[in-house]
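# Inside the fold
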Amino acid sequence: MKSSISGSRLRKGFVFLGVGISVGALGVWGGVHASGEDRPAFAVEYAHASTIGDFSTDERLVGFADFVFHGTVVTKKGTTEIDGMPETQWAVKVNEVFEGTLQSGSTTVVNQTGGYDEDSNSLTLMEGDLPLQVGESYVFSTRKMSDRAWYTMVPVYGAQPVGSTTQPFPAAEDMDGDGTSTVGDHWKQMVRDQVEPDIGAGDGPEPTDEPSEQPSDVPTGDPEPTDPAD
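Residues numbered from 1 in each chain as written. Predicted model: local features only at pLDDT ≥ 70, side-chain atom pairs only at ≥ 80, totals over all residues. Heavy atoms only, no water.

To continue, consider the overall build of the protein. Of the regular secondary structure elements, the protein holds 3 helices and 9 strands. When the 230 residues of the protein are sorted by exposure, 46% land in the buried category. Long-range contacts, defined here as pairs at least 24 residues apart, represent 69% of the contacts in the protein between residues at least 6 apart. Of the roughly 10600 Å² of accessible surface on the protein, a fraction of 49% belongs to carbon and sulfur atoms. (Helix = DSSP H or I, 4+ residues; strand = E, 2+ residues; numbered from the N terminus. Buried < 20%, exposed > 50% of the residue type's maximum accessible area, 1.4 Å probe, protein only. Contact = heavy atoms within 4.5 Å. Areas by Shrake-Rupley, 256 points an atom, 1.4 Å probe, with all protein chains shown as cover.)

The next subject is unusual backbone geometry. Backbone geometry places Asn 121, a non-glycine residue, at a positive phi of 50°. The topology assignment puts Asn 121 in the loop between strand 5 (107–117) and strand 6 (122–126). The class of Asn 121 is buried, set by a relative accessible area of 0%. At Val 156, a residue that is not glycine, the phi angle is positive and equals roughly 70°. Inspection of the secondary structure assignment puts Val 156 in the loop between strand 8 (151–153) and strand 9 (159–161).

Let us look at the pattern of salt bridges. Under the definition given, this model contains 4 salt bridges. Residues Asp 176 and Lys 188 are paired through a salt bridge, measuring 3.9 Å at the closest nitrogen-oxygen approach. Placement of the pair is Asp 176 in the loop between strand 9 and helix 3 (183–192) and Lys 188 in helix 3, with a sequence separation of 12 residues. Between Asp 193 and Arg 192 there is a salt bridge, and its shortest N-O distance comes to 2.8 Å. One network of salt bridges, in which partners are shared, links Glu 173, Arg 192 and Asp 193. (Salt bridge = Lys/Arg side-chain N within 4 Å of Asp/Glu carboxyl O.)

Among the 15 residues in strand 4 (residues 85–99), 11 count as buried, and that is most of the element. The loop that links strand 3 (residues 67–82) with its antiparallel partner strand 4 comprises 2 residues; one of these, Asp 83, has a positive phi angle of about 55°. Where strand 4 lies against strand 5, 7 bridges are found, and the strand directions are antiparallel. Bridge pairing in strand 5 links Glu 87 to Thr 113. (Pairing = 2+ DSSP bridges.)

Most of strand 5 sits out of view: 10 of its 11 residues are buried. Across 2 bridges, strand 5 lies against strand 8 in parallel orientation. Residue pairing across strands places Val 110 opposite Tyr 151, the latter belonging to strand 8. The sheet contact formed by strand 5 and strand 6 spans 4 bridges and is antiparallel. Residue pairing for strand 6: Asp 117 is matched across the bridge by Ser 122.

Throughout the structure, instances matching the rule amount to 4 aromatic pairs. For the pair Tyr 138 and Phe 140, a centre-to-centre distance of 5.5 Å together with 55° between the ring planes defines the contact as tilted. Residue Tyr 138 is classed as buried on the basis of its relative accessible area of 6%. Ring-pair connections join several aromatic residues into one group, and the members of that group are Phe 69, Tyr 138 and Phe 140. In this arrangement the basic side chain of Arg 143 is found over the ring face of Phe 64, its NZ or CZ atom lying 4.4 Å from the centre. Across from the ring centre of Tyr 151, 5.9 Å away, lies the NZ or CZ of Lys 144, which sits over that ring. (Phe/Tyr/Trp six-rings, centres within 6.5 Å; stacked < 30°, edge-to-face > 60°. Lys NZ or Arg CZ within 6 Å of the ring centre and 35° of its normal.)

Here we take up helix 3. Most of helix 3 sits out of view: 8 of its 10 residues are buried. Within the span of helix 3, buried status applies to Val 183, Gly 184, Asp 185, His 186, Trp 187, Gln 189, Met 190 and Val 191. The secondary structure elements touched by the buried residues of helix 3 are helix 2 (58–64), strand 3, strand 4, strand 7 (137–144) and strand 9.

With respect to the helices, strands and loops of the structure, Thr 142 is situated in strand 7. When residues no more than four places from it in sequence are discounted, the contact partners of Thr 142 are Ala 65, Asp 66, Phe 67, Phe 69, Tyr 151, Thr 152, Met 153 and Val 154.

Everything listed is a geometric property; what it means functionally is a separate question.
Have a look at this one:
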């Protein structure tokens, strides 16, 4: 059985690279200011996970994840800093569950490594990661944090854009026996055939900071189902 992990384990082996990028393309994070008399110049850093593990195949990705589900991003909820790395929280409506105890129709909080720091006027993203977009849907591969009431995406591969799980996926087995192979079948197959990757034990201090904006109006932990019409 897979156990919950601390935030420091997900961040083991990160290195930071300074990169210039268009401010307009990153406005989804909110509050990004490119200039101002008393503000430092806007900057972007990419954090590279150098030793955390190889999640480039969906079998290994699912093998590391505790919760795999299709969901739609509802809104950005808050930002916090853990071990010097910003984290951004998003409210996500759960559409379909492939692994874990979340329930379809519920709303939960997904945490993405990276975020905007207003004091330094800088944005940090995982190298190869893209900011989540409100209104867009993804297949999320996440870990339940032992000391947080949210689900943290596996870096880079943990949010794969998928508009609908009923889209054709010819390479997948017909897992539900309905005569078609779909994206949903693919992820069910990956859960069945998952391979646990070789991950180091991790070290470093346990995170203690709380979000600067607590998502108090969104169920946390293992949420109960909500009425999608609400």
